[in-house]
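# Inside the fold
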Amino acid sequence: VKRVNSDLANDLGNLLSRTTAMIERFCQGEIPSCPPGASDGELRRVAEQLRDEVPPLMDAYRLNEAIAVIWRLVRRANKYIDEMAPWELAKNEDQRQKLHAVLYDLAETLRILAIWISPFQVRAPAEIWRQLGFDRDIRSARLEDTAWGGLPAGIRIRRGEPLYPRLEVPASES
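The structure displayed is predicted, hence computed values, not measured ones. (Residues numbered from 1 in each chain as written. Predicted model: local features only at pLDDT ≥ 70, side-chain atom pairs only at ≥ 80, totals over all residues. Heavy atoms only, no water.)

### Here we look at the nonpolar core
Counting residues in hydrophobic clusters, the biggest one holds 51 residues, and the most contacted among them are Leu12, Ile31, Leu73, Leu103, Leu106 and Ile128. Among the elements of the structure, α1 (2-26), α2 (41-59), α3 (63-84), α5 (96-117) and α6 (123-132) are those that each provide at least two residues to this core. With 14 residues, the single largest contributor to this core is α5. When residues no more than four places from it in sequence are discounted, the contact partners of leucine 103 are Met22, Ile23, Phe26, Cys27, Pro32 and Pro86. (Core = buried A, V, L, I, M, F, W, Y, C linked by side-chain atoms within 4.5 Å. Buried < 20%, exposed > 50% of the residue type's maximum accessible area, 1.4 Å probe, protein only. Helix = DSSP H or I, 4+ residues; strand = E, 2+ residues; numbered from the N terminus. Contact = heavy atoms within 4.5 Å.)

Structure, rendered in structure tokens:
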């Protein structure tokens, strides 16, 4: 229960919820374009490292280690939200391009994460893609689709229910 609430509801679920809420609020529900060179280098670096680190772990059936590597990107994206404070950027028209770059980076991260977690989960990856506005079935995604920059701007998001509702901790385990 604690793991579901921590890793799934708080980390991944909250990342999706916050990102889609901000895109809806600050970009009228459409994935914004990202000016060339405006993406966050650290977030992109962590996303691109997955392409080198996860496949060998999967091939060796070290699935728990593969998930841990993938979760570094989830944690980095949540930290990125706190560091960039998109709600503050939205208050200043001069920061509009930066805001768009931040929101694009977050949506792109979620797109990539959905692909990486698809071998481990059934419902969540498809729901992430649906909320990001994709009509294509995530099962058609391949390793090459995890390259940074594959998210087209202008897609209308479709916010939904929380990805992982928080579970109640039984009183005996509190």
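After that view, the rundown keeps rolling.
### Thoughts on the layout of surface pockets
Each pocket or cavity is described by its volume, and for the largest pocket that value is around 290 Å³. Around the largest pocket sit 18 residues that line it, and Ile115, Ser118, Pro119, Ile138 and Ala141 are the ones nearest its centre. Mapped by element, the contributors of at least two residues to the lining of the largest pocket are α2, α5 and α6. In terms of residue count, α2 provides more of the lining of the largest pocket than any other element does, 3 residues in total. (1 Å grid on protein atoms, 1.4 Å probe; cavity = no way out; pocket = protein on both sides within 12 Å on 5 of 7 lines; lining within 4 Å. Points joined across faces, edges and corners; volume = space filled by probe spheres on them.)

### Side note on the confidence of the model for the protein
Within the protein, residue pLDDT values average 88, and 87% of them lie at 70 or more. Confidence scores differ between elements of the protein, with α1 showing the lowest mean pLDDT of 78 and helix α4 (residues 86-89) the highest of 96. (pLDDT = per-residue confidence, 0-100.)

### Points about unusual backbone geometry
We note that glutamine 28 has phi near 55 degrees; this positive angle belongs to a residue other than glycine. For glutamine 28, the location among the structural elements is in the loop between α1 and α2. Although it is not a glycine, tyrosine 61 sits at a positive phi angle of roughly 60 degrees. Tracing the chain through its elements places tyrosine 61 in the loop between α2 and α3. The exposure class of tyrosine 61 is exposed, given its relative accessible area of 71%.

### Re the packing of α3 against α5
One can describe the packing of α3 onto α5 by two numbers: an axis separation of 10 Å at closest approach and a directional angle of 165 degrees. Relative to α5, α3 is oriented roughly antiparallel. You can see that α3 and α5 cross each other, and the crossing is left-handed. Contacts from Ile70, Trp71, Leu73, Val74, Ala77, Tyr80, Ile81 and Met84 of α3 reach α5 at Lys98, Ala101, Val102, Asp105, Leu106, Thr109, Ile112, Leu113, Trp116 and Ile117. Class assignment for the residues of the contact of α3 with α5 results in 15 nonpolar, 1 polar and 2 charged. (Axes fitted to C-alpha atoms, helices over the stretch in contact; angles between N-to-C directions. Parallel < 35°, antiparallel > 145°, perpendicular 65-115°, else oblique. Left-handed = near helix turned anticlockwise from the far one by under 90°. Nonpolar A, V, L, I, M, F, W, Y, C, P; charged D, E, K, R; others polar.)

### Here we look at α6
In terms of burial, α6 is largely enclosed, as 7 of its 10 residues are buried. Remark: glycine 133 follows α6 within two positions and exhibits a positive phi of approximately 100 degrees.

### Considerations on the packing of α2 against α3
Where α2 meets α3, the axes come as close as 9 Å, and the angle between the chain directions of the two elements is 170 degrees. With respect to α3, the element α2 is oriented roughly antiparallel. Touching Glu42, Leu43, Val46, Ala47, Gln49, Leu50, Glu53, Val54, Leu57 and Met58 of α2 are Leu63, Glu65, Ala66, Val69, Ile70, Arg72, Leu73, Arg76, Ala77 and Tyr80, all from α3. Split into classes, the residues belonging to the contact of α2 with α3 amount to 14 nonpolar, 1 polar and 5 charged.

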